[in-house]
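Residue strings, one per chain:
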Amino acid sequence: MFAMNTAVVEDLRRALPPGRTIDDPAILDSYAHDEAVWAPHRRPVAVVRPRSAEEIQQIVRICLEHRAPVVARGAGTGLSGGANSVDGAVVLCTEQMTTIKEIDTTEQLAVVEPGVANDDLRKACADHGLWYPPDPASAQWSTIGGNVATNAGGLCCVKYGVTRDYVLGMQVVTGRGELVRLGRRTAKGVAGYDLAGLMVGSEGTLGIISEVTVRLRPARPPERTIAGYFDSLAAAGHAVAAVGTAGLIPSALELIDRHTLLAVDAWKNMGLSDEADAVLLARTDTPGAGGEEEAAAILACFTESGASWAAISSDPQEAEALFAARRLAYPALERLGPVLTEDVCVPRASVPEMLTRIEAIGQQHRITIANVAHAGDGNLHPLLIVPADDADARRRAEYAFERILDSAIELGGTVTGEHGVGLLKRNGLTRELTEPVLAMHTAVKQALDPHGMLNPGKVIAPCAPRC
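The written sequence of each chain sets the order in which its residues are numbered from 1. For a predicted model such as this one, the threshold for reporting local features is a pLDDT of at least 70, and the threshold for listing and counting side-chain atom pairs is 80 or more; totals across whole chains, interfaces and linings nevertheless cover every residue. Heavy atoms throughout the structure, all of them, feed into the side-chain values; hydrogens and water do not.

Participant: Would you mind going over the sheet that holds strand β4 (residues 90–93) with me for this structure?
Facilitator: Two modes of strand pairing occur in sheets, parallel and antiparallel, and in both the strands are linked by backbone hydrogen bonds. DSSP bridges decide pairing: two strands pair if at least two such bridges lie between them. For helices the rule is a DSSP run of H or I covering at least 4 residues; for strands it is a run of E covering at least 2, with both sets numbered from the N terminus onward. Strand order across the open sheet formed by 4 strands is β1-β2-β4-β3, with mixed pairing between neighbours. Both outer strands of the open sheet, β1 (21–22) and β3 (70–73), are each paired with one neighbouring strand and no more. Note: β1 against strand β2 (residues 46–48), 2 bridges, orientation antiparallel. Paired with Ile22 across the bridge in β2 is Val47.

Participant: Is there a simple way to explain the domain arrangement of the protein in this structure?
Facilitator: Note that the domain bounds reflect an automated or database-derived domain assignment. When the domains of the protein are assigned, the result is domain 1 (1–93), domain 2 (100–218), domain 3 (222–328) and domain 4 (337–425). One C-alpha centre belongs to domain 3, the other to domain 4; they are set 22 Å apart. Throughout, a contact is declared for two residues whenever any of their heavy atoms are within 4.5 Å. Listed by partner, the interface residues are 16 residues for domain 3 and 17 residues for domain 4. Throughout, the accessible surface (probe 1.4 Å) given up by two parts as they are put together, summed over both, is called the buried area. Contact between domain 3 and domain 4 buries roughly 1300 Å² in total, counting both sides, with carbon and sulfur atoms accounting for 64%. On the domain 3 side of the contact with domain 4, Leu233, Leu255 and Arg326 bury the most area, a combined 34% of that side's loss.

Participant: Just checking my understanding: could you explain the pattern of salt bridges for this structure?
Facilitator: A side chain of one charge can pair with a side chain of the opposite charge if their charged atoms are brought near each other. Note on definitions: salt bridges are taken to be side-chain nitrogens of Lys or Arg within 4 Å of carboxyl oxygens of Asp or Glu. Counted according to the given criterion, the structure contains 30 salt bridges. The closest approach of N and O atoms between Arg396 and Asp392, which form a salt bridge, is 2.3 Å. Taken together, the positions of Arg396 and Asp392, both in helix α14 (residues 391–410) and 4 residues apart, correspond to about one turn of that helix. Burial here depends on accessible area, computed with a 1.4 Å probe over protein chains only, as a share of the maximum for the residue type. Under 20% is buried, over 50% is exposed, and the range in between is partly exposed. Given a relative accessible area of 12%, Arg396 falls into the buried group.

Participant: Looking at this structure, I do not really get a nonpolar patch on the surface. What am I missing?
Facilitator: A grouping of Tyr193, Leu195 and Leu198 is seen on the molecular surface, where their side chains present a nonpolar patch of about 350 Å² in accessible area. For Leu198, the location among the structural elements is in helix α7 (residues 195–199). In this analysis, a patch consists of residues with relative accessible area above 30% that form no salt bridge, clustered at 9 Å for like charges and at 5 Å for the nonpolar side chains Val, Leu, Ile, Met, Phe, Trp and Tyr. Residue burial considers only the protein chains on display, and all accessible areas are found by Shrake-Rupley using a 1.4 Å probe.

Participant: Would you take a moment to explain α14 for this structure?
Facilitator: Spacing of three or four residues puts side chains on the same side of an α-helix, whose turn is 3.6 residues. Across its 20 residues, α14 extends 29 Å between first and last C-alpha, which sits within 8% of the 28 Å expected from 1.5 Å per residue. Restricting attention to buried positions, one finds in α14 the residues Ala393, Arg396, Ala397, Ala400, Phe401, Ile404, Leu405, Ser407 and Ala408. The secondary structure elements touched by the buried residues of α14 are β16 (339–341), β17 (344–345), α13 (351–364), β18 (368–374), β19 (379–385) and α15 (426–432). Pairing of N or O atoms within 3.5 Å defines a polar contact, subject to two protein rules: one partner must be a possible hydrogen donor and the other a possible acceptor, and residues neighboring in sequence count only if both atoms are side-chain atoms. Two or three places before Asp392, at the opening of α14, Asp390 has a side-chain oxygen 3.3 Å from that residue's backbone nitrogen. At the C-terminal side of α14, Gly412 shows a positive phi close to 85 degrees. One less than the residue count of a helix, multiplied by 1.5 Å, gives the span that helix is expected to have.

Participant: I tried to follow the pairing of strand β5 (residues 100–104) on my own but got confused; where do I start?
Facilitator: Consecutive side chains of a regular strand alternate in pointing toward one face of the sheet and then the other. With 4 bridges joining them, β5 and strand β6 (residues 109–112) adopt antiparallel strand pairing. Directly across from Asp104, in β6, lies its bridge partner Leu109. Hairpin connection, β5 to β6: the antiparallel pair is bridged by 4 residues, and Gln108 has positive phi, about 55 degrees.

Participant: Explain the UniProt feature "domain: FAD-binding PCMH-type" (unreviewed entry) in the protein to me, please; I cannot follow it from the model alone.
Facilitator: Sites flagged by UniProt as "domain: FAD-binding PCMH-type" (unreviewed entry) map to residues 40–219. The span residues 40–219 shows a helical share of 22% and a strand share of 26%, and its end C-alpha atoms are spaced 42 Å apart. UniProt positions are given in the numbering used here, feature names are shortened, and annotations may be inferred rather than shown by experiment.

Participant: Looking at this model, I keep getting lost on the packing of helix α1 (residues 7–15) against helix α3 (residues 53–66). Mind explaining?
Facilitator: Axes are the key here: two packed helices are described by the angle between their axes and the distance separating the axes. Between α1 and α3, the least distance of the axes is 10 Å, while the angle of their chain directions is 150 degrees. When the interaxial angle is binned, α1 and α3 end up roughly antiparallel. Viewed along their axes, α1 and α3 form a crossing whose handedness is right-handed. Across the interface between the two elements, Ala7, Val8, Asp11, Leu12 and Ala15 of α1 pack against Gln58, Ile59, Ile62, Cys63 and His66 of α3. Lines fitted to the C-alpha atoms define the axes, with helices restricted to the stretch that makes contact. Angles between their N-to-C directions range from 0 to 180 degrees. Roughly parallel here means an angle under 35 degrees, roughly antiparallel means over 145, roughly perpendicular means 65 to 115, and every remaining angle is called oblique. Put simply, a crossing is left-handed when the front helix is turned counterclockwise from the back one by less than a right angle, and right-handed when it is turned clockwise.

Participant: Looking at this structure, I do not really get the packing of aromatic side chains. What am I missing?
Facilitator: Here a ring pair, both rings aromatic, is described through the centre-centre distance and the interplanar angle of the planes. Side-chain rings of Phe, Tyr and Trp (the six-membered ring for Trp) are treated as a pair once their centres are within 6.5 Å; stacked means planes under 30 degrees apart, edge-to-face means over 60, and tilted covers the remaining angles. Applying the stated criterion across every chain, the model contains 4 aromatic pairs. Centroid distance Tyr132 to Tyr166: 6.2 Å. Interplanar angle 75 degrees. Geometry classified as edge-to-face. Taken as a pair, Tyr132 in the loop between β7 (130–131) and α5 (144–150) and Tyr166 in the loop between α6 (157–160) and β8 (167–174) lie far apart in primary sequence, 34 residues in all. An identical accessibility class is assigned to Tyr132 and Tyr166; each is buried. Here, over-ring charges are defined by two tests on the NZ atom of lysine or the CZ atom of arginine: distance to the ring centre within 6 Å, and angle to the ring normal within 35 degrees. It is Arg394 that lies over the ring of Trp38; its NZ or CZ is 4.8 Å from the centre.

Participant: Honestly, the sheet that holds β8 in this entry has me stumped. Any pointers?
Facilitator: The antiparallel open sheet is built from 5 strands, whose spatial order is β5-β6-β10-β8-β9. Both edges of this open sheet fall to β5 and β9 (179–183), since each of them pairs with a single strand only. Between one strand axis and the next, the sheet turns through 15 degrees on average, direction left out of account. Of the strand pairs in this sheet, β8 and strand β10 (residues 207–215) are connected by 7 bridges, and their pairing is antiparallel. By the bridge assignment for β10, Val172 is matched with Ile209.

Participant: Would you mind showing me how to read the state of the cysteines here?
Facilitator: Joining two cysteines, a disulfide is a covalent bond between their sulfur atoms. Here, a disulfide means two cysteine sulfur atoms that sit within 2.5 Å of each other. Counted under the stated rule, the structure contains 0 disulfides. Just so you know, Cys156 is unpaired, no disulfide at all, and the nearest cysteine sulfur is the one on Cys157, 6.8 Å from it.

Structure (structure tokens):
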């Protein structure tokens, strides 16, 4: 679709300050892909690292002149290939745009550049007695721009929602090279279409974010942790469903299976895999006696669903260690071989059935599938582990990957809860959405990016069937 165009590199170098434009092959390779190791990618013709919205606009306009595709990138922590380069692309990396421009304690909002790390924003807000809730497992490295682009969630989204719930407005460069402001700063506002909301989760295909205004919350009280050990994934799934049926809304409800526990133990020697095939970790941040009652009710759901052991933790360090194991899941499993990461979401009542199907799919295709999950909102992360350089195992894993997507759709779920469609889920998206809805997606893309320059081939494939 796009030809290699080295002239664009020279124009970028002339237009931008020194050091912004990089074309060293070794450096280009390090910016060519995100963490989705099986998603295809190509070496870009250049990487540009702007430091202002005006520079982003300048880059997009130069690329428009040369018809060079532009792939936006934050920290590269994505898991769907959404930031992967294509032939002839310029990768626009916002990693140097790290300014927290404003924290307004009266309006409870923050204005940040897209390269600000999630954890850095949280720490800055905490200094003002405020809290930014979205907390993906990669929060230490992932950026607000990337979180907005994928509508990232995290551990506490079961109670507090995902990134979209906190984005008030943004500044964006469109596929026409226009620098525009979308959304608002006010607590309420319904003037026109929600174009800021449209950008959230669009994975850089509709515009490139240069600034984000996010809603904040008051700092929350300390959490209580409830842990439950189960002899099977299905039993843990029934406990998740029981929590939902009881009308309880924990501030986190996470699942870790035995494959993951073994991997974490082998790496960090935490001793967790000796006692369970699946662990559920719940937290409640309801203050006072109400919090004690909520913790007791969650504990009862675990026990009545067949937990072999369950307790409310009285040791904050022990509780934090359990959640640390959850956050270590991905790097621990990656040590075992290439990992193909799933991200399906199903109704909470369907969690037991979905976990059962995932186990069956793994057995049928002879693939080791580890499971971690934001179980409280039905967002499951099966991780398919394949020995390196085993082509047959990779083929089986790719087929199992698609079967998991089909199972999620059959149960009334979706092919991605928070990682995004990127490259890996495009086929799944065409199976989930109807023809008229896919056509609406294509129409929006054509309206905001008429030349198809922004992150081409992601989310909606140019030649996707039924489009």
